[in-house]
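Each chain, letter by letter, is given below.
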Amino acid sequence: MSKETTVFVVDLGHAMTKSHMAVANGKSDLEASLPYLWDTIGAKVASGRKTVYMGLVGVGTEETRVDFGDSEGYENISVLYPIQQFLLPDFRNLPNVLVPSREGFGGDIISGIVVALDMTLKFCRKQKFVKNIVLITNCNSIAEFGDSMDIIDQLANEGVIVKILTIGTSQATIAMKSENSEAEEDSPLHFSNYANLEAFANNAVKRGADVNIIPFEEIYLQYGRPEIRKVKSVATYRGSLTLGNLNDNPENTMAIDVERYIYVQAAPIPSSKSYREATSDENKQEEKEKPPPAPLEWDTKYFVTIDSEKTEDDKETTKKETIEVLKGDLQKGYKYGKSIVPFKDDELDSLRYESAQGMEIIGFISMTELKPWTLMSPSSFVIAPKKSPESALALSSLIHAMRGAGLFAIVRLVKKKGDNPRMTILIPYIDVEGNRKFEALVEIDLPFAEDVRNYKFASLDTVKTVKGKILKQHHRLPTDEMVQSMRQFVNAMDISCLADGLPATDDDDGAEEYAAPGAVYNPIKARINQAILRRALDPDTPVPKLPEILLNDAVPPPYVVDTASGLAEHLVEVMNVKKVEKYQSTKRTDYQEGKEELKKKAAQLDLDALLEYQPTSPNGDQPKEEHRSKRRRLNGEGSVRMRFDLEAAIKKWVEAPESDGAGTQERLIEIFESTGESIVSLLEDEKASEQDVIDSVRVLRTLASDMDEKEWYNHYLPKLLDALRMTSRWKGIEQNMSQEDLGKLVL
Amino acid sequence: MNAEQASGDSFPFDVDPLAEFDYKNHKCAILFCIEVSPSMLMPLSKSRHDSDDDPAPTPLRRALVAAYHVAQERIISNPNDAIGVMLFGTEHSDDPLNPGCSMLIDLDIPDVKGMKHLKEVLEYEDSFEEIAKPATAPPTIRDVFFYAGHKFFSAKENYTYRRLFLMTNTDLPPANSKQDRSAARTRASDLFETGIQIEPFFLSSPPDLIFDPSKFYEDVLFMSSLNTSDVINEKHMMNEISEESMQPLLTSDRIILESNLKARQVPQRATISMPMEIVSQGKLVIGVKLYILYKQFKIFSRAESLYMCDDGISRVVRSKRKPVGSSFDEDDESDSDRAATADSKSKEEEKSGESAIKKGYLFGEQIIPFTSEELRELRSLNIKGIQIIGFKPASMLPIHMISKESYFIYPSEEDYIGSIRTFAALHRVMIEDNKMAVAWIKPGENASAMLCNIVASKEIIEKVNKREEQIQPPGMHVIRIPFYDDIRERPDNSLYAPSGPATTAIASQVINKLTLKGGYDPSRYKNPVVQRHYRVLQARALEEPFGEEEEEEMAKEDKTVPMYKAIDKKVGNLTAQWKESVRNEIQGRVRK
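Residues numbered from 1 in each chain as written. Chains lettered and ligands numbered in written order. Predicted model: local features only at pLDDT ≥ 70, side-chain atom pairs only at ≥ 80, totals over all residues. Heavy atoms only, no water.

## What about the pattern of salt bridges?
1) Next: Enumeration according to the criterion identifies 39 salt bridges over all chains in this entry.
2) Next: One salt bridge in this structure joins K44(A) and E4(A), with 2.9 Å as the shortest N-O distance. Taken together, the positions of K44(A) in helix α1 (residues 29–47) and E4(A) in strand β1 (residues 4–11) put the pair 40 residues apart, joining distant regions of the chain.
3) Next: Across the pair K119(B) and E123(B) runs a salt bridge, and its minimum N-O distance is 3.9 Å. Of the two residues, K119(B) and E123(B) both sit in helix α3 (residues 112–123), four residues apart, roughly one turn of that helix.
4) Next: Overall, the relative accessible area of 16% leaves K119(B) in the buried class.
5) Next: Through salt bridges with shared partners, one network takes in R422(A), D445(A) and D451(A). (Salt bridge = Lys/Arg side-chain N within 4 Å of Asp/Glu carboxyl O. Helix = DSSP H or I, 4+ residues; strand = E, 2+ residues; numbered from the N terminus. Buried < 20%, exposed > 50% of the residue type's maximum accessible area, 1.4 Å probe, protein only.)

Structural data, given as structure tokens:
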């Protein structure tokens, strides 16, 4: 990666303590510009790159600290940091350095640039560097432009990139000022300085220097938007794209020299690292001067467990021994089923697949037959090498032919000799609208047979009974009304083309695709990066909120939602989706019916009768006792009593006059569950006989059946069976239970 | 897993949690229950897929060969799955309490010994006859189910999916009274209740033997899972015994049996359930399950580190990764010499040592500390499951900007009643109106949220090997939309030189002659690296030869190599013309 230097020239004159930006809501110019510096400098520090250097120059400082301090015109300019690699402590110290001066100290902005340029040139000497100078000013300092042509020529010759960020110079701010007489006093100087800077930039551009003047407001409004350094791709394949057999039959083979570059690949999100916190003793000693922690170093050790299972004495089967082994003594191997097949180093070659480099076309498929979900990642560009017009032309003919015929190519790609082959697809890509016209084939991985899982899923259009009857109407199938309502909603929620959040057509000004691919910043990545920066600067800051600018495309556009709200409400109503409560979840009767039935039954419930069995009644200790007493009751003849009790409850429940049944369903479930648990605990009772268990289970089953809550029982049965299998005592009971017809209830 | 990769210095959510879950958490056990009876030993005429050297085929042999192939394939595709082969109706019994049932291979992850045994049975007539002696009094189906169930319960591992492949050609077992049926049904029902799914493979060999499921098995199997009036729903997708699977299979062609087996051996493995919000602010939310249908198969991740111990046996090495200075003894069982008190003390120390390890993000070379709550908060976007933000024409799907494999979603009534009909309505509208949804998805608790397009896929059913098969499931695919951060700078392609019409026209002729009908079908292209790897591994494991002959055979099977001869025949001349045209055009440009 190339080396780069950036010198920041910051106006620290007293005027920076005042507010000149309409959008800053009264924040002083320096306050408003510091976050920009934190983000820009912080990102460079965070990268940890040793080839990234920075320097800092203050203009309008109270002191004067420059190498040529005695020469006139450089008063009140300070080199705050010479060019160096910034480390965390330097970064953390910035807020102490970037402080505005008291009134009465003025520096020359252009002199600031000269100092920065001098620093840069001295530092870089003749080495190759990307050289940047960034100036931030509110144009209230003096600007002496006497020898600006010399400076410009030097900037141009050395290829220094200069960015001048001017605070308080946007149209909006100027408009505000003309209304606000208070701010008018510093206007004459301000405007003439700005005009001078603009002229300086224009002259520089004319003479071939890279100088930009940008109103700082633009940057201010973009705060929170991450600054992303675009990764430049390196070629991942250099070779030919062939159709036919180049070795055996070169005459009749299409062979085009190409290069392949990654185009889209999910950028990694920063991952956390471990560190060891200094123990408390050390902590006290150097409370203040504690250095920031460094990542933990790791140690890997290898162990093998020897299972001496095959000793002659069968009783000692579990003798295990774990020994540590050295990395150098390890061998590779693969599992074949449960068995291990070791391979010595030289034998590993026999597993290797021999392959020759190549990008070979197997055939073409119609673009309409491509299933986009089969595409794997990443996407790459396949282009002709830079200096080969013949390849460019040959490739172009293929691109245009494919585009014209609507065909994509299926290709076998081996990136380098010996690499594993991949199946990939080539899609023609032509961009003639951008600044630079561009043609390529986009290449994306396709799955092999082994990469695909052919799961089967039930049809969404019909419902089939087990006996093969096909139903077109069922509560699992949408009615015409539902589909119609969904269609209206989907149409209303179209976000393919919006202008300022309102539906638009392609021809409208500013019409854009909402949440367009490649246009949205990864909010998580940006937020993590920002949090790191903020905390690096001040270890006590809380995690910052996600900036709104990152959430622009995260929610449906409000206007669209508003317009569609009527349709949405209708959709919600017809679909009638309900969140499932426990125990109703797998009910397969029609939901509406079931719900109504439940309501009816709940209404009939006699609360008083049920409270006798209430394991969780509201008054303190009682429930526990009640619970215990029930368990006791279940011993021996208990099942008979349980049956009476429960049957009585059911009877009361069915026959009782109407009552307010809120929450009764839940209580019933509780009773049912605790009764089930009692049976399970009965299994541990020595006195309990098989018949007791069977009788109790039958009571429960009958109860569930009578209440038409069969699912309750079916839900309970596996638990019971599991419990039965836990002990040897109940081995036969399972079979008897099936004979007694205590299996699952048919719904 | 490779010892090197076994543990990384990363917070749990730095790995793709979905993929991890998918890899580790779904173990499947398949128990073949194959009948041995005189009719299963009836010779069949050879089909075109049998070679002349093969012994005379019988239904039993076909079933065993199929089981062998399934085991071989699963060793590759699902190395954690268990396979067992049980024979019923045999003279030999493993357990006097269960006469007529014997295990040919125990239900476990197959090992070399078991595979060799199965192979031997298939290769040597003597060994085959040894195991294939029918009992005079075959066990009842109830007992068969009982013994099979016992095998599942006594298996060492807890398998997520337990499946019983019943292979028989006796449509009316001798014990078929009302009581027998009821007992078998109850037993089957119990298996079903405990999550064991019965997959019947009824073998028909016309004209002598035509299997009629209605005689006995419809009674026994249908009732076990479902009421006959009931509908097949998503809960039963994994447990159903469908009308189709009850269809008898012809044993005359081994391919039919094997492809049928193949089609039915994969149960769906949902990775995670999540809510899907269709109307914003939680006004319309349904439940969906997420599946991974496409994932690159990587061999290297299956390499093991081994150590050759003194007894000459190579054993798998576990690696432990700890911060420098930490004790490695923490969970070392062998260290029993140490006094208990000292042990507990050191553990305490260890604990306090561990707690001093904190997390943070790297800033330059230093770490900026964050608490684990903060780390979690930074990753959350307040997105739960899937949240649709709008719709676009499906044609706007950026197929050239793929940055991740897709996920598949299918509705589930488990958490929201009405999910299926709502999903179905959306599905229908998206297909009929060519729409796609734009949404945020957070595929799992610890995963990062991402922007995605949701595309509907239509159900496609085709006849494959005389059997209707779903070749494309109905549902929706979630395709990640790249962020700005994910797009690389375009390469410096300074040459923009569109070809002239003449050259393009020839290129068009060439490519039009080389179209592959039906698009790209992944099942046609097996990964030659994976295939070869496992062929060599199998050869080593089972002591089979692997030399030039086998190498050539593999090369022949490799469909990823272009068909040079066919290409040359179809477009060889045109290609020569095209090259000529490119040369002419370039020369023309130079002259200009």
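## Points about the pairing of strand β8 (residues 284–291) of chain B
All names here are of chain B.
1) Next: Counting buried residues in β8 gives eight out of eight residues, a clear majority hidden from the surface.
2) Next: Bridge analysis of β8 against strand β14 (residues 407–411) gives four bridges, and the strand direction is antiparallel. Of the residues in β14, the one forming a bridge with V288 is P411. (Pairing = 2+ DSSP bridges.)

## A closer look at the pairing of strand β17 (residues 450–457) of chain B
Residues and elements named next belong to chain B.
1) Next: A large share of β17 lies buried, amounting to eight of its eight residues.
2) Next: Of the two faces of β17, the one carrying M450, C452, I454 and A456 and the one carrying L451, N453, V455 and S457 are both buried.
3) Next: Sheet analysis places strand β16 (residues 435–441) next to β17, joined by five bridges and oriented antiparallel. Within β17, the residue paired with I441 across the bridge is M450.
4) Next: Bridge analysis of β17 against strand β20 (residues 475–480) gives six bridges, and the strand direction is antiparallel. Along β20, the bridge assignment pairs V455 with H477.

## Digging into the packing of aromatic side chains
1) Next: Throughout the structure, instances matching the rule amount to 29 aromatic pairs over all chains.
2) Next: Ring geometry for F457(A) versus Y410(B): centroids 4.8 Å apart, planes at 35°, classification tilted. Remark: Y410(B) occurs in strand β14 and F457(A) occurs in the loop between β18 (438–446) and β19 (463–464); the pair is interchain, linking two chains. The exposure classification of F457(A) matches that of Y410(B), with both residues buried.
3) Next: Ring centres 4.9 Å apart and planes at 40° place the aromatic pair F202(B) and Y217(B) in the tilted group. Of this pair, F202(B) sits in strand β5 (residues 196–204) while Y217(B) sits in helix α7 (residues 217–225), and the two are 15 residues apart along the sequence. Taken individually, F202(B) and Y217(B) each receive the classification buried, so the pair is uniform in this respect.
4) Next: Taken together through their ring pairs, the aromatic side chains of Y455(A), F457(A), Y291(B), F408(B), Y410(B) and F423(B) make up a single cluster. (Phe/Tyr/Trp six-rings, centres within 6.5 Å; stacked < 30°, edge-to-face > 60°.)

## A closer look at the environment of Y159(B)
All names here are of chain B.
1) Next: Considering the arrangement of structural elements, one finds Y159 in the loop between α5 (141–153) and β4 (161–168).
2) Next: Taking the relative accessible area as the measure of exposure, Y159 reaches 8% and is therefore buried.
3) Next: Taking the C-alpha atoms as reference, Y159 lies 8.4 Å from A82; in sequence the two are 77 residues apart.
4) Next: The residues touching Y159, leaving out its near neighbours within four places in the chain, are K27, C28, A29, N80, A82, D108 and I109. (Contact = heavy atoms within 4.5 Å.)

## Considerations on the sheet that holds strand β7 (residues 235–243) of chain A
All names here are of chain A.
1) Next: If you walk around this closed barrel you meet the seven strands as β7-β8-β15-β18-β17-β16-β14, and the pairing is mixed. Geometrically, the sheet is characterised by an average inter-axis angle of 40° between neighbouring strands, direction not taken into account.
2) Next: In this sheet, β18 lies alongside strand β15 (residues 379–383) in antiparallel orientation, the contact comprising four bridges. The residue of β18 that forms the bridge with S379 is I444. (Axes fitted to C-alpha atoms, helices over the stretch in contact; angles between N-to-C directions.)

## As for the packing of helix α9 (residues 389–405) of chain A against helix α13 (residues 501–512) of chain B
1) Next: Put simply, α9(A) and α13(B) touch, their axes get as near as 8 Å, and they point 60° apart. Classed by the angle they form, the pair α9(A) and α13(B) counts as oblique. For the element pair α9(A) and α13(B), the recorded crossing hand is right-handed. Contacts between α9(A) and α13(B) pair L393(A), S397(A), L398(A), H400(A), A401(A), M402(A) and A405(A) from the former with T503(B), T504(B), A507(B), S508(B), I511(B) and N512(B) from the latter.
2) Next: Along the lines of polarity and charge, the residues of the contact of α9(A) with α13(B) split into seven nonpolar, six polar and no charged. (Parallel < 35°, antiparallel > 145°, perpendicular 65-115°, else oblique. Left-handed = near helix turned anticlockwise from the far one by under 90°. Nonpolar A, V, L, I, M, F, W, Y, C, P; charged D, E, K, R; others polar.)

## Remarks on the interface of chain B and chain A
1) Next: Contact with chain B, which involves 233 residues of that partner, is made by 227 residues of chain A.
2) Next: Interface area for chain B against chain A, summed over the two sides, is near 22,000 Å², with a carbon-plus-sulfur share of 62%.
3) Next: If you sort the residues of chain B by the area they bury against chain A, F363(B), R421(B) and R488(B) come out on top, with a joint share of 4%.
4) Next: Joining chain B to chain A, the criterion identifies twelve salt bridges.
5) Next: Close ionic contact of D108(B) with K338(A) constitutes a salt bridge, the shortest N to O distance being 2.8 Å.
6) Next: Where chain B touches chain A, the interface holds 73 residue pairs in polar contact (both at pLDDT 80 or more).
7) Next: Looking at which element gives the most residues to the side of chain B that touches chain A, the answer is helix α16 (residues 564–591) of chain B, with 14 residues.
8) Next: Along the lines of polarity and charge, the residues of the side of chain B that touches chain A split into 114 nonpolar, 56 polar and 63 charged.
9) Next: Direction of pairing for strand β12 (residues 331–336) of chain A relative to strand β9 (residues 304–308) of chain B: antiparallel, over a ladder of three bridges. Residue pairing for β9(B): G333(A) is matched across the bridge by E304(B). (Buried area = accessible area lost by both parts, 1.4 Å probe. Polar contact = N/O pair within 3.5 Å; in protein donor to acceptor, adjacent residues only side chain to side chain.)

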